[in-house]
Amino acid sequence: MQPFKRYITITLLVMATVFVSCRQASRYDEALAIYNKGFELRETKQNEDAAKAFSDALVTLNFCDAENYDVKALKAENEDRLGEIYWLQGLFEDALNMHLDASTLFRELGQPANLMKSIRNAGRAAASLNHLDDAEYYYNEAMIIARTLDEQDFINSLRLDLARDIYMESGDFEKMISIVNQALANDAEPYQCHLLLGLAYYYLENDDEAIKHLNEAAKSDKAGMKMSAYQTLYFIYQIRGDYAKALEYHELFNDNMIAADNQHRSEEVQRIKSANDLKMQENALKAKQRTRTIYLGGVLGVLGIALIITIILLRQRTLRSQLDAEKNKNQFELALKKNKVYVTALALSEQITKSRLDFVLDDDSWDDFMNLINLIYNDFNKKLIEKYPSLTQEDLHICSLTRLGFNNQVIAILLNQQTNSYARRKSRIKQEKMNGSEDSRSFEEIIENI
């Protein structure tokens, strides 16, 4: 009798091992399918649905062997893609964490090309958080890998990242001009190069060079780039006193806002079509998975069914907890994305949204924007007023936009000010209203720590 019991025990253990191995392989296939779905959604700019798909894939991968090479690789790709969407949605801290986790895995796996991209993405997120030293470190690390791999296009892209995110923000315009010229000489995208050169010369008050490069940038077919070029040209001619020319560029700026709106209407039609196609693919995938589940249940018997039920229940509980947490975390961020002030700011940062662009920002739009900022950042403006009671309402607008990570040029445009005038105003706010003589931190650091 004893040998028979031992035989039964060993048989059950073997069956359990086979089942777990099969189920883990099935889970990996399921995660891969969900990731591919998310990738397709991302390509058609359905970012919220794509983010959910990448999150679901990560949850499914939790049931797989964490040390398996393919599992690690797929987890890293999911994290890097999810980080990109978080960045687009303004969730810069979450984006940075995702990209750093992905880079750790890519480094362990020995995948230099993917490591290079994830570190570059980490630099972009750090720059959006105004952590310029960290951002420069990540960009330079990615540059070393790109040069090792001889990825010239990627090297050029990193040069433009450094120029825009590091040297322009720190005011090192000479270095900005030098690195953009390197990119331009190595066949980088010319319109973006000319825009950055135009802005650098504008800040250096070399208007003739600025006008030359900005007019080249305005030849781009991208509405956001044209808008940036025309807005800066408007400021230059306004300063020169050539009001007729300034008005001409202001009208061109407005025309491109309309063009951008029409372009995104067309994209919305394509998005709906893509969503329907993906829904059909999803239904086919679900049908295939149901058939596979029935087959496995029949082969492995009662033990397999019990294990399947346990795993399904755990997965449902995990997913429910995750969805509840995401809903609580993102409900105010989603509301912010519909606010006219935030939508316009994103448009001016070349992150054009689906909402209609409207540069006339009324009091209701600002009030709604400020209320959302208070909800997201725990009474941010109330804390500001308590600490610095002399701040005006427009000062609070500046602080709120800075808290969201928008750069000087975007905030200046929103407030209808010249960029250099805005920079001086920001400096006065810090010095005169925020105890600047006693506080050595930058304006951005003060805002970040409220």
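Remember, it's a predicted structure, so these values are computed and weren't measured experimentally.

Q: Sorry, what's going on with the overall build of the protein here?
A: For the protein, the count of helices and strands is 19 helices and zero strands. Taken across its 450 residues, the protein has 47% of its residues classed as buried. Partitioning the intrachain contacts of the protein with sequence separation of at least 6 by distance along the chain shows that 60% fall at a separation of at least 24. When the accessible surface of the protein is split by element, carbon and sulfur atoms take 52% of a total near 23000 Å².

Q: Just to check I follow, could you spell out the nonpolar core for this structure?
A: Among soluble globular proteins, nonpolar side chains are generally buried collectively. Core analysis: the largest hydrophobic core is formed by 116 residues, its most contacted members being Met176, Val180, Phe369, Leu384, Leu401, Phe406 and Met434. Setting aside residues no more than four positions away along its own chain, Met176 makes contact with Ala163, Tyr167, Met168, Leu196 and Ala200.

Q: Sorry, what's going on with the packing of helix H5 (residues 112–128) against helix H7 (residues 152–170) here?
A: The packing of two helices is summarised by the inter-axis angle and the distance between the axes. The N-to-C vectors of H5 and H7 enclose an angle of 10°; their axes lie 11 Å apart at closest approach. Here H7 runs roughly parallel to H5, going by the angle between their axes. H5 and H7 meet at a crossing whose hand is left-handed. On the side of H5, the interface is formed by Met116, Lys117, Arg120 and Ala127, while H7 contributes Phe154, Ser157, Leu158, Asp161 and Asp165.

Q: I tried to follow the environment of Tyr234 on my own but got confused; where do I start?
A: The topology assignment puts Tyr234 in helix H11 (residues 223–240). When its relative accessible area of 13% is taken as the criterion, Tyr234 is described as buried. Ignoring sequence-local partners within four residues, the contact set of Tyr234 consists of Ala246, Tyr249 and His250.

Q: Is there a simple way to think about the environment of Trp87 in this case?
A: Mapped onto the elements, Trp87 comes out in helix H3 (residues 69–88). Linking Trp87 and Ala125, residues 38 residues apart in sequence, is a C-alpha distance of 6.5 Å.

Q: Is there a simple way to explain a negative patch on the surface in this structure?
A: There is a patch of like negative charges on the surface, built from Asp362, Asp363, Asp364, Asp367 and Asp368. The topology assignment puts Asp362 in the loop between helix H13 (340–348) and helix H14 (363–376).

Q: I tried to follow the pattern of salt bridges on my own but got confused; where do I start?
A: Between side chains of opposite charge, a pair can form when the charged atoms approach closely. Summed over the entire model, instances satisfying the criterion amount to 21 salt bridges. In this structure, the salt-bridge partner of Lys52 is Asp56, at a minimum N-O distance of 2.8 Å. You can see Lys52 and its partner Asp56 sitting in helix H2 (residues 47–61), four residues apart, about one turn around the helix. Exposure remark for Lys52: the relative accessible area of 43% places this residue in the partly exposed category. On the accessibility criterion, Asp56 (13% relative accessible area) is buried. The partner of Asp161 in a salt bridge is Arg120, and the shortest N-O contact between them spans 2.8 Å. A residue pair is termed long-range when its members are at least 10 positions apart, and Asp161 in helix H7 and Arg120 in helix H5 qualify at 41 residues. With a relative accessible area of 5%, Asp161 lands in the buried category. Note on Arg120: relative accessible area 16%, which makes it buried. Among the charged side chains, a salt-bridge network with shared partners connects Arg120, Asp161, Arg164 and Asp165.

Q: How should helix H10 (residues 207–217) be read in this particular structure?
A: Residues separated by three or four positions in an α-helix point in the same direction, a consequence of the helix having 3.6 residues per turn. For H10, the full list of buried residues reads Asp207, Ala210, Ile211, His213, Leu214 and Ala217. Those residues of H10 that are buried lie in contact with helix H9 (190–203) and H11.

Rules behind the numbers
- Residues numbered from 1 in each chain as written.
- Predicted model: local features only at pLDDT ≥ 70, side-chain atom pairs only at ≥ 80, totals over all residues.
- Heavy atoms only, no water.
- Helix = DSSP H or I, 4+ residues; strand = E, 2+ residues; numbered from the N terminus.
- Buried < 20%, exposed > 50% of the residue type's maximum accessible area, 1.4 Å probe, protein only.
- Contact = heavy atoms within 4.5 Å.
- Areas by Shrake-Rupley, 256 points an atom, 1.4 Å probe, with all protein chains shown as cover.
- Core = buried A, V, L, I, M, F, W, Y, C linked by side-chain atoms within 4.5 Å.
- Axes fitted to C-alpha atoms, helices over the stretch in contact; angles between N-to-C directions.
- Parallel < 35°, antiparallel > 145°, perpendicular 65-115°, else oblique.
- Left-handed = near helix turned anticlockwise from the far one by under 90°.
- Patch = residues over 30% accessible without salt bridge, like charges linked within 9 Å, V, L, I, M, F, W, Y side chains within 5 Å.
- Salt bridge = Lys/Arg side-chain N within 4 Å of Asp/Glu carboxyl O.
- Lys, Arg positive; Asp, Glu negative; His and termini not counted.
- Charge placed at Lys NZ, Arg CZ, Asp CG, Glu CD.

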